[in-house]
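# Breakdown of the fold
In case you want the letters, here they are:
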Amino acid sequence: MQSLASTSLLLQSLYCKPDRPDEMEGVEVVGGRVINWNGYRVLGVLATSRSIEISITEHTEKDEFVILASDGLWDAMSNEMAC
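Source: prediction; values computed, not measured.

The next thing to look at is the overall build of the chain. Within the chain one finds three helices and two strands. Order of helices (α) and strands (β) in the chain, N terminus to C terminus: α-β-β-α-α. Evaluated residue by residue, the chain yields a buried proportion of 14% over its 83 residues. Of the contacts made within the chain by residues no fewer than 6 positions apart, 43% connect residues no fewer than 24 positions apart. A total accessible area of about 7000 Å² is found for the chain, and carbon and sulfur atoms account for 56% of it.

Written out as structure tokens, the structure reads:
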């Protein structure tokens, strides 16, 4: 097992949280509302401001694994810890 210091990470995360000004604006432009009720939420319910995003990435033989996760993982764990 390699240490992270010698491993190249390809991070394709975009934190789509409704408390980001650009995300809040995007929600409001389409008629939604961001409410701070025990944390910022779209319409007081959703803690994320977008649906699933799909991206295509070419993998190589050197790739060991892929992590598919919701924003909840990244709220509790760093990229380095997850890898």
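On we go.
Locating Glu23 in the fold gives a position in helix 1 (residues 21-29). When sequence neighbours within four positions are dropped, the list of residues in contact with Glu23 reads Cys16, Lys17, Pro18, Ser49 and Arg50.

The next point concerns unusual backbone geometry. Non-glycine residue Asn38 carries a positive phi angle of around 60°. Among the secondary structure elements, Asn38 is positioned in the loop between strand 1 (34-36) and strand 2 (40-42).

A few words on the pattern of salt bridges. Under the defined criterion, the tally for this structure stands at two salt bridges. Put simply, Asp22 and Arg20 hold a salt bridge, and the shortest N to O gap is 2.5 Å. Arg20 gets classed as partly exposed once you look at its relative accessible area, which sits at 23%. When the shortest N-O distance is used, the salt bridge between Glu23 and Arg20 registers 3.6 Å. It is possible to trace a salt-bridge network through shared partners that takes in Arg20, Asp22 and Glu23.

This paragraph deals with the confidence of the model for the chain. Averaged over all residues, the pLDDT of the chain equals 77, while 78% of them reach at least 70. Here helix 2 (residues 71-76) is the element of the chain with the lowest mean pLDDT, 76, and helix 1 is the one with the highest, 89. Residue range residues 1-5 is modelled with pLDDT below 50. Its contacts to residues more than four positions away, or to other chains, number five contacts.

Moving on, we get to the environment of Asp22. Tracing the backbone shows Asp22 in helix 1. Looking at Asp22, the relative accessible area reads 43%, which means it is partly exposed. Of note is the side chain of Asp22, whose polar atom sits 2.5 Å from the side chain of Arg20.

About the criteria used
- Residues numbered from 1 in each chain as written.
- Predicted model: local features only at pLDDT ≥ 70, side-chain atom pairs only at ≥ 80, totals over all residues.
- Heavy atoms only, no water.
- Helix = DSSP H or I, 4+ residues; strand = E, 2+ residues; numbered from the N terminus.
- Buried < 20%, exposed > 50% of the residue type's maximum accessible area, 1.4 Å probe, protein only.
- Contact = heavy atoms within 4.5 Å.
- Areas by Shrake-Rupley, 256 points an atom, 1.4 Å probe, with all protein chains shown as cover.
- Salt bridge = Lys/Arg side-chain N within 4 Å of Asp/Glu carboxyl O.
- pLDDT = per-residue confidence, 0-100.
- Polar contact = N/O pair within 3.5 Å; in protein donor to acceptor, adjacent residues only side chain to side chain.

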